[in-house]
Amino acid sequence: MLPYLHCFWGLFLSLSLSFVHYSTSTTSHVYIVYLGSSQPSDPKLTSKSHLQLLSSVFPSEEDAKKSMIYSYKHSFSGFSAKLNSSQAASLAKMEEVISVSESRILKLHTTRSWDFMGLTLDNGDEVSPLQLAYGHDIVVGIFDTGVWPESESFQDDSCLGPIPSSWKGTCVEGEKFDPQKACNRKLIGARYYLKGFEEAYGPLNTTDNQEYRSARDFLGHGTHTASTAAGSVATNASFYNLGQGIARGGAPRARLAVYKICWAKDFDGKCTEADILAAFDDALHDGVDVISASFGESPPLPPLFASNADIGSFHAMQKGVTVVFSAGNDGPEPSLVQNVAPWSICVAASSIDRRFLAEIVVNGDFFIMGESLITTEIKAKLVEASTYFVNGICKVENWMGRKATGRVVLCFSTMGSVKIEEAEGAAKIANASGLIFAEPMTELIAEVDIIPTVRIDIAQGTELRDYLVQFPKLPIVQIKPSKTSIGKTPAPTVAYFSSRGPSSISPDILKPDVTAPGIGILAAWPPNTPPTPLPSDRRSVNWNFQSGTSMSCPHVSGVVALIKSAHRDWSPAAIRSALMTTAFIKDTTHDNILAGGSMKVSDPFDIGAGHINPLRAMDPGLIYDIKPNDYILFLCNINGYTPEKISKIILPSPGTNTGYCTQQPHKTNINYPSITVTNLQSTITVKRTVKNVGQKKNAIYFASIVEPDGVEVVVWPRVLVFSWFREENCYYVSLKPSKKSEGRYDFGEIVWSDGFHNVRSPLVVLVNNTHLDYVTDHYSSV
């Protein structure tokens, strides 16, 4: 469904430099000028300095004012403005400027899911003790399409006290959004950002698509994600009685602050980087504790500090704010994962143990079970697609003009490479009573459809087609209403659409980090918005099913809020470590988690460290912490980031490393909870540091190792002893290739255990040494 900075500088600018900027290119675009970390200063003075800097590339200050879109002045320093390419190039050459990038357009990427993860309801209608005890007064910021404030998910809870005194945010008035009525002790903040969108697409269309010039949600995506992360307890939630139960967010006692940065365009969500960065600037100043962001862009990815979501999340990390991103929906091909910065959390999507099954009965004697959200019985004649579509290809452009009234059409995804949305549109225009869609078994997901649709696998479809050809007259097909099946299907399975690693720009950092529920998630929905984004859909619902990494992201955000409230002093890296090292890699049948889109066992590029386990993450035993300044090691390995630039990005703090990049340590040594080596040619040694955060300060942990194929792994020491006087320990991992290989990843793990905690780190290694034989042979022959 559904992707992201300030330093005080000298103000001396030469007239000769400004003259150059008026010529050559005349086409203007929105650019973002990033200046680093914002030192304590008056925001008005910071904005004034931005204007002075911008004025250097315009004939007058008045022209510069007209060009300015946003001044980022609270949490970091920078601005966005309409510039031509010459002006942007001139600004990029200035010493105080870290980066200049064009504002890109990013795209948007649960009654059962929390039960599935162990956060069950007590006495049938009460939130679990963990959810009740934790999450209180943690503020979760949702960067999305806004919110429908009247939903049950956003109403005051009797257990919520006054709004935290640390909160500096506000509810902004707008179209059909009265702050006095919309905001309360649950929904404590709401802002919207439109300037970047309107520069890209023109004035907002509030007539044809009923979009709101306010924080009110039109598309529904933001309402759904906010409800999933921190929605209040709501009874009798369902989609036409499917998935019926009590809905609640992962942290129902947490507060919500909504930042609307994505807007409806052609019934899709578009988000500009200029608006996103403005939301980061405000949210960090407002006082959010967690940011949930379900958007991104497909590879090729920009460099980390040319991605404004990565810039925003870096400054969030420095302020102790955890940012959770969705991994993207470009799977199952490898290396398409998005949002890969090492200072944020990247979440893949997987299934829960719930299915919606619909029985297909033909002529009373042929039975097939499919996946569907059909709510009323269908009885009609069954026909093959070739009767109504050229070559049996179920696409609108292949429709032969014949009406399929009173017919259910059988379509195959493999005939003409048809997507489910195309087949639905084709069946709809032909006026069919329903659609049976045959596709690969790894892609079967019951979804809300514009026409009654049952999904079956290719083998079932072939069997049904062979049965159909036996009858000269069209047989009668009966499709019964869907029934909910819980606990009868192994779960989780990685969603076929979930984007996979390795990271295309920083492969030495494992991404995604973890996986979480992202298939068939039921959550709040605006009643004025139909459950599908199609003009012909006239239904009104208060709850809707959605699938995507957009849905898995707020699941992790909710759990982060729980952990944050229990461990207020934990850094974003410590929280991510707790999630990763306690994640499970087995399904409900105690077998390995499968990867959707294939029939193979999942690996770390599919699921990261594994599926999140909220209960275990609250008490992980050991954590791998990373202080903000530790990321210097990573930044020093990025081309173009000089010590001078890094000094402007990093906030000064006690113990800050002032000798930036005096050495060039390998980025594998960043203290990440996973170990990834992408070019193992000879023996290397990696260092990690762990901190004991368990209740027992006197603890002994023993290491166990699963070696990647063809790699000898030695961990030293094999025993870590912790005490009141020694809460941190270092260990070293030596990796030595024992095979000849190239371009192939192998996987293992290192687990530290004290008998109660099992602290697991994935081990990802690519042995790359076959070319060494060529070099040796070549020089020996010479």
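Scroll up for the structure.
Residues numbered from 1 in each chain as written. Predicted model: local features only at pLDDT ≥ 70, side-chain atom pairs only at ≥ 80, totals over all residues. Heavy atoms only, no water.

1. Comments concerning the overall build of the protein chain
Consideration 1: Tallying secondary structure elements over the protein chain gives 20 helices and 38 strands in all.
Consideration 2: Scored against the burial criterion, the 782 residues of the protein chain give a buried share of 60%.
Consideration 3: For the protein chain, the exposed area adds up to about 30,200 Å²; of that, 52% sits on carbon and sulfur atoms. (Helix = DSSP H or I, 4+ residues; strand = E, 2+ residues; numbered from the N terminus. Buried < 20%, exposed > 50% of the residue type's maximum accessible area, 1.4 Å probe, protein only. Areas by Shrake-Rupley, 256 points an atom, 1.4 Å probe, with all protein chains shown as cover.)

2. Describing the sheet that holds strand S36 (residues 728-737)
Consideration 1: In space, the 4 strands of this open sheet follow the order S30-S32-S36-S34, with antiparallel pairing throughout. Sheet topology places strand S30 (622-623) and strand S34 (711-716) at the edges, where each strand pairs with a single neighbour.
Consideration 2: As judged from the 8 bridges shared by strand S32 (residues 684-692) and S36, these two strands associate in the antiparallel manner. What sits directly across from valine 686, in S36, is valine 733. (Pairing = 2+ DSSP bridges.)

3. Remarks on helix H13 (residues 458-468)
Consideration 1: The complete set of buried residues in H13 reads Gln460, Gly461, Leu464, Tyr467 and Leu468. Viewed end-on, H13 has its buried residues packed into an arc of 125°, placing them on one side of the element. (Arc of directions from axis to C-beta.)

4. Some thoughts on the packing of helix H10 (residues 273-286) against helix H11 (residues 308-318)
Between two packed helices, what matters for the description is the angle formed by their axes and the separation of those axes.
Consideration 1: For the pair H10 and H11, the least separation of the axes is 9 Å and the interaxial angle reads 5°. The orientation of H10 relative to H11 falls into the category roughly parallel. Residues Glu273, Leu277, Phe280 and Leu284 of H10 form the contact with H11, whose participating residues are Asn308, Ala309, Ile311, Gly312, Ser313, His315 and Ala316.
Consideration 2: When the residues that make up the contact of H10 with H11 are grouped by side-chain class, the tally is 6 nonpolar, 4 polar and 1 charged. (Axes fitted to C-alpha atoms, helices over the stretch in contact; angles between N-to-C directions. Parallel < 35°, antiparallel > 145°, perpendicular 65-115°, else oblique. Contact = heavy atoms within 4.5 Å. Nonpolar A, V, L, I, M, F, W, Y, C, P; charged D, E, K, R; others polar.)

5. Structural notes on the pattern of salt bridges
Oppositely charged side chains can form a pair if their charged atoms are brought close together.
Consideration 1: Under the defined criterion, the tally for this structure stands at 29 salt bridges.
Consideration 2: A salt bridge links glutamate 150 to arginine 216; the shortest N-O distance between them is 2.8 Å. Pair noted here: glutamate 150 is in the loop between strand S6 (139-144) and helix H7 (179-182) and arginine 216 is in the loop between helix H8 (195-201) and helix H9 (221-230), with a separation of 66 residues, a long-range link.
Consideration 3: Among the residues examined, glutamate 150 registers a relative accessible area of 47% and is labelled partly exposed.
Consideration 4: Residue arginine 216 is classed as buried on the basis of its relative accessible area, which comes to 7%.
Consideration 5: For the salt bridge of glutamate 447 with arginine 455, the shortest nitrogen-to-oxygen distance reads 3.8 Å.
Consideration 6: A relative accessible area of 2% means that arginine 455 is categorised as buried.
Consideration 7: Overlapping salt bridges bring together Glu424, Glu439, Glu447, Asp449 and Arg455 as one network. (Salt bridge = Lys/Arg side-chain N within 4 Å of Asp/Glu carboxyl O.)

6. Focus on the nonpolar core
Consideration 1: Membership of the largest hydrophobic core comes to 109 residues, with the highest contact counts inside it found for Phe143, Phe305, Trp343, Val556 and Leu579.
Consideration 2: With 8 residues, the single largest contributor to this core is H10.
Consideration 3: Not counting chain neighbours up to four residues away, the residues in contact with phenylalanine 143 comprise Tyr259, Ile261, Ile276, Ala279, Phe280, Ala283, Ile291, Ser292, Ala293, Ser294 and Phe295.
Consideration 4: Core analysis: the next-biggest nonpolar cluster, separate from the first, contains 24 residues, Leu680, Val711, Leu720 and Phe722 among them. (Core = buried A, V, L, I, M, F, W, Y, C linked by side-chain atoms within 4.5 Å.)

7. What about the environment of proline 512?
Consideration 1: For proline 512, the position within the fold is in the loop between strand S25 (493-494) and strand S26 (514-517).
Consideration 2: Given the relative accessible area of 0%, proline 512 is considered buried.
Consideration 3: It is 7.0 Å that separates the C-alpha atoms of proline 512 and valine 337, two residues lying 175 residues apart in sequence.
Consideration 4: Non-local contacts of proline 512, meaning those with residues more than four positions away in its chain, are made with Ala327, Val337, Cys346, Val347, Ala348, Ser499, Gly501, Pro604, Phe605, Asp606, Ile607 and Gly608.

8. Describing the packing of aromatic side chains
Consideration 1: Applying the stated criterion across every chain yields a total of 24 aromatic pairs.
Consideration 2: Ring geometry for tyrosine 496 versus phenylalanine 497: centroids 5.5 Å apart, planes at 80°, classification edge-to-face.
Consideration 3: Here tyrosine 496 falls in the partly exposed class, since its relative accessible area comes to 22%.
Consideration 4: Using a relative accessible area of 9% as the deciding quantity, one classes phenylalanine 497 as buried.
Consideration 5: Chaining the aromatic ring pairs together yields one cluster made of Tyr70, Tyr72, Phe76 and Tyr193.
Consideration 6: Here arginine 402 stacks its cationic end above the ring of tyrosine 388, 5.2 Å away from the centre of that ring. (Phe/Tyr/Trp six-rings, centres within 6.5 Å; stacked < 30°, edge-to-face > 60°. Lys NZ or Arg CZ within 6 Å of the ring centre and 35° of its normal.)

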